[in-house]
Amino acid sequence: MTPFTLALVLASAILHATWNLWTKQLGPGVRSAPLMWLLTAISAVAYSPFACAAIVHDGWRPTLPVLGLLFGSAVIHVGYFLILLRGYRVGDLSLVYPVARGTGPLLASLGAIVLFGEPPSVLAIAGVLLVASGVVILTARAEFATNRKLAAGLGYGLATGVTIAMYTLWDGGTVKRAAVPPLIFYWGGEVIRMLLFSPAALRDRAGVRAVWAAHRARVFGIALLSPLSYILILIAFRHGALSHIAPARELSILIGAWLGGRVLGEGERTRRRFAAAAFAAGVIALALA
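Residues numbered from 1 in each chain as written. Predicted model: local features only at pLDDT ≥ 70, side-chain atom pairs only at ≥ 80, totals over all residues. Heavy atoms only, no water.

(A) Seen up close, the packing of helix α2 (residues 32–58) against helix α8 (residues 182–203). For the pair α2 and α8, interaxial distance at closest approach is 8 Å and the crossing angle is 150°. In terms of crossing hand, the pair formed by α2 and α8 is left-handed. Across the contact of α2 with α8, the residue classes break down as 19 nonpolar, 4 polar and 2 charged. (Axes fitted to C-alpha atoms, helices over the stretch in contact; angles between N-to-C directions. Helix = DSSP H or I, 4+ residues; strand = E, 2+ residues; numbered from the N terminus. Left-handed = near helix turned anticlockwise from the far one by under 90°. Nonpolar A, V, L, I, M, F, W, Y, C, P; charged D, E, K, R; others polar.)

Structural data, given as structure tokens:
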């Protein structure tokens, strides 16, 4: 991995952990459809000048197959955000975030090996084992059998990880093999996501106004940082192997676990930090493989 690619990955990790913290801080009372419409609408408008400039500069023109890939990506990302929001409503940031960000790249790396013919190595196998050990550290305790909040947080974290792997493979393959500029690709997907949520937002105008009135600063921040963190990764995908970059971006696990304990005061900091460290070591090994 080149220094330029590594810099993109590290910047993305910081931005990603930050907007996830803000999402958790929105609280359980925020309805998903109004929130998602606001986020996608703000992102689509804010990034449209840059996307249009990129279209003009690159002379890029959409084709029907690419539009199909954009729509598929948009649908996967909708599922990702809805599952993630639900996870943060029922579980702690320092549980849901590490599980999701640890299992996501693990599955993405395995998928890249199978779909794109990127062969495994000793380091890759070590990375898989370290990520698995992180899950064990978090879950190998009797409380998960009786504490519904912990069990639900784990379940939604794993489900989020599956969607992360899906969009990583889908989007990474698109920008690399279909040669779609990353900024244009994400912006196009954001426009489609805004349209998908528009009917629900129109039916719940009061909910849209309530979310904006109560959380406008965080909503605006999430709408700007979430696309930027991912656009940086899409750019990185064009300069390196997907099976290396996808795990490396999960250095945000350490940041997210620290924010959950430090900022939100979530319990069992030592256990969750050890698990986050195992996740981070695993994704570093996968990145170096």
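(B) Representation of the pattern of salt bridges in the model. Taken as a whole and assessed by the stated rule, the structure comprises 2 salt bridges. For R31, the salt bridge goes to D204, with nearest N and O atoms at 2.8 Å. Separated by 173 residues along the polypeptide, R31 in the loop between α1 (3–25) and α2 and D204 in the loop between α8 and α9 (205–237) bring together distant segments of the chain. Residues E190 and R193 are paired through a salt bridge, measuring 2.8 Å at the closest nitrogen-oxygen approach. Of this pair, E190 and R193 are both found in helix α8, 3 residues apart, which corresponds to roughly one turn of the helix. Among the residues examined, R193 registers a relative accessible area of 1% and is labelled buried. (Salt bridge = Lys/Arg side-chain N within 4 Å of Asp/Glu carboxyl O. Buried < 20%, exposed > 50% of the residue type's maximum accessible area, 1.4 Å probe, protein only.)

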